[in-house]
Amino acid sequence: MTSMLTEVSANRSFGGWHRRYRHYSSVLDCEMTFAVYLPPAAEVRLVPALWWLSGLTCTDENFMQKAGAHGVAAELGMAIVCPDTSPRGTELPGEHDSYDFGSGAGFYLNATREPWNAHYRMYDYVTRELPALVEEQLPLTDQKSISGHSMGGHGALVCALRNPELFSSVSAFAPVCNPSRCPWGVKAFSGYLGDDRESWKEWDACELIRGGARVKELLVDQGDADNFLADGQLQPEALRDACEQARLPLQLRTQPDYDHSYFFIASFIEDHLRHHAGVLNATR
Ligand SMILES: N[C@@H](CCC(=O)N[C@@H](CS)C(=O)NCC(=O)O)C(=O)O
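Scoring rules and cut-offs
Residues numbered from 1 in each chain as written. Predicted model: local features only at pLDDT ≥ 70, side-chain atom pairs only at ≥ 80, totals over all residues. UniProt positions renumbered as here; feature names shortened; annotations may be inferred. Helix = DSSP H or I, 4+ residues; strand = E, 2+ residues; numbered from the N terminus. Rg over C-alpha atoms; globule rule 2.2 N^0.38 Å. Buried ≥ 20, exposed ≤ 12 C-beta atoms within 10 Å, placed from the backbone. Contact = placed C-beta atoms within 7 Å. Pairing = 2+ DSSP bridges. Axes fitted to C-alpha atoms, helices over the stretch in contact; angles between N-to-C directions. Near = placed C-beta within 6 Å. Nonpolar A, V, L, I, M, F, W, Y, C, P; charged D, E, K, R; others polar.

The name that an unreviewed UniProt entry assigns to the chain is S-formylglutathione hydrolase, with the source organism given as Halospina denitrificans. Note on the chain: under the UniProt heading Sequence similarities (unreviewed entry), the record states "Belongs to the esterase D family." According to its UniProt record, the chain has this under Function (unreviewed entry): "Serine hydrolase involved in the detoxification of formaldehyde."

This is the structure in structure tokens:
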């Protein structure tokens, strides 16, 4: 049965609409909220969408309120869809105890370990269930690009690498590049997937690329004053090495003095939107 979208709020923005919706997710077995920016063009035709996956501690609201993306999306005739970062309203043991695991930290994978596997299936949610819902009930074509930040930057890479036919283009801001080898990733993968590191490979962008997964190209921005870069959480050099070995075209741009915040994202989001719009228009 198709779940219906219930509108929670609507704000006029750059001639289009920022709208938030609630719905029951059968994949996650809970109520979820997401946001969509619909450009003015969506009032007269179906438009393609950029899917944005946010990072740790975020909801659908961070990008919509802080990235400053609506004006360019309005000009380009491109929608933006922001899912939440984890299932909500579930009360699993320890789920809300830390910022980097459980609520707000779903890592866009399908958990296999109990009790997480009953709800934490964010990969299926963002690649299958939610696209089907919004493409049926909102003025969107099935053309999609994907981007994200940090945990969500990694989610975007994995979703595109596993589904090159689904996403026309992919980019990322300060992605967690090699989660099997950084503290955030090891904690999340141990908890959601268990200790068998073989099973981690299908959820790790660098491992997927080493294993032969392909997309046409990757665009990645990384600030060099990012504290999580210094902490070893992000490891863009691992992505560069994997792409070099696989001969996968990677545009990895180091942005001097930029940190991990939404000031960094807001500074470069226009480039990313124009990049995705160029690919989506070329494949229309
Ligand atoms: N140490 C931070 C880590 C969380 C963080 O930096 N989250 C990034 C993504 S990894 C973010 O986008 N935060 C929300 C925001 O800046 O609006 C915390 O405790 O909240």
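For the chain, the helix and strand inventory stands at 9 helices and 9 strands. Taking 19 Å as the expected radius of gyration for a compact globule of 284 residues, we find that the chain reaches 18 Å, a close match to that expectation. In terms of overall dimensions, the chain has a C-alpha envelope of 50 × 40 × 30 Å along the principal axes. For the chain, buried positions account for 50% of its 284 residues. Partitioning the contacts of the chain with sequence separation of at least 6, the portion at a separation of at least 24 is 70%.

This next bit is on the sheet that holds strand β4 (residues 47–53). Working definition: the strands of a sheet are paired by backbone hydrogen bonds and lie parallel or antiparallel to each other. In space, the 6 strands of this open sheet follow the order β1-β2-β3-β5-β4-β6, with mixed pairing throughout. On the outer flanks of this sheet lie β1 (6–13) and β6 (140–148), each paired with one strand and no other. The mean inter-strand angle of the sheet, taken between neighbouring strand axes irrespective of direction, is 25°. Where strand β3 (residues 30–38) lies against strand β5 (residues 79–82), 3 bridges are found, and the strand directions are antiparallel. Note on β5: the bridge partner recorded for A35 is C82. Its contacts with the sheet place helix α3 (residues 122–137) against β2 (16–25), β3, β4, β5 and β6, and it is angled at close to 145° to β6. Here helix α9 (residues 262–282) sits on the sheet in contact with β4 and β6, set at roughly 145° to β6.

Ordered by their spatial adjacency, 3 strands build an open sheet running β7-β8-β9, and the pairing between neighbours is parallel. The open sheet has two free edges, formed respectively by β7 (171–173) and β9 (250–255), since each of these has just one partner strand. In this sheet, neighbouring strand axes are inclined to one another by 10° on average, regardless of whether the strands run parallel or antiparallel. The pairing of strand β8 (residues 218–223) with β9 spans 6 bridges and is classified as parallel. When the sheet's bridge partners are listed, Q222 is paired in β9 with T254. Helix-sheet contacts for helix α8 (residues 236–246) involve β8 and β9, and the interaxial angle to β9 is about 155°.

Moving on: the site of the ligand. In the vicinity of the ligand, 13 residues are found, and the nearest of them are G55, L56, T57, N62 and S150. Tallied by class, residues from the shell around the ligand come to 5 nonpolar, 7 polar and 1 charged.

Further remarks concern unusual backbone geometry. The step from E114 to P115 runs through a cis peptide bond, and the omega angle for that step is -5°. By secondary structure assignment, the location of P115 is in the loop between β5 and α3. Even without a glycine there, the phi angle at Y108 is positive, about 55°. Turning to its location among the elements, Y108 is positioned in the loop between β5 and α3. On the basis of neighbour count, Y108 is assigned to the buried category, with 26 C-beta atoms found within 10 Å.

Quick look at the environment of D224 now. Within the fold, D224 resides in the loop between β8 and α7 (227–230). Judged by the 13 C-beta atoms lying within 10 Å of it, D224 falls in the partly exposed class. The sequence separation of D224 and Q255 amounts to 31 residues, and the corresponding C-alpha distance is 6.0 Å.

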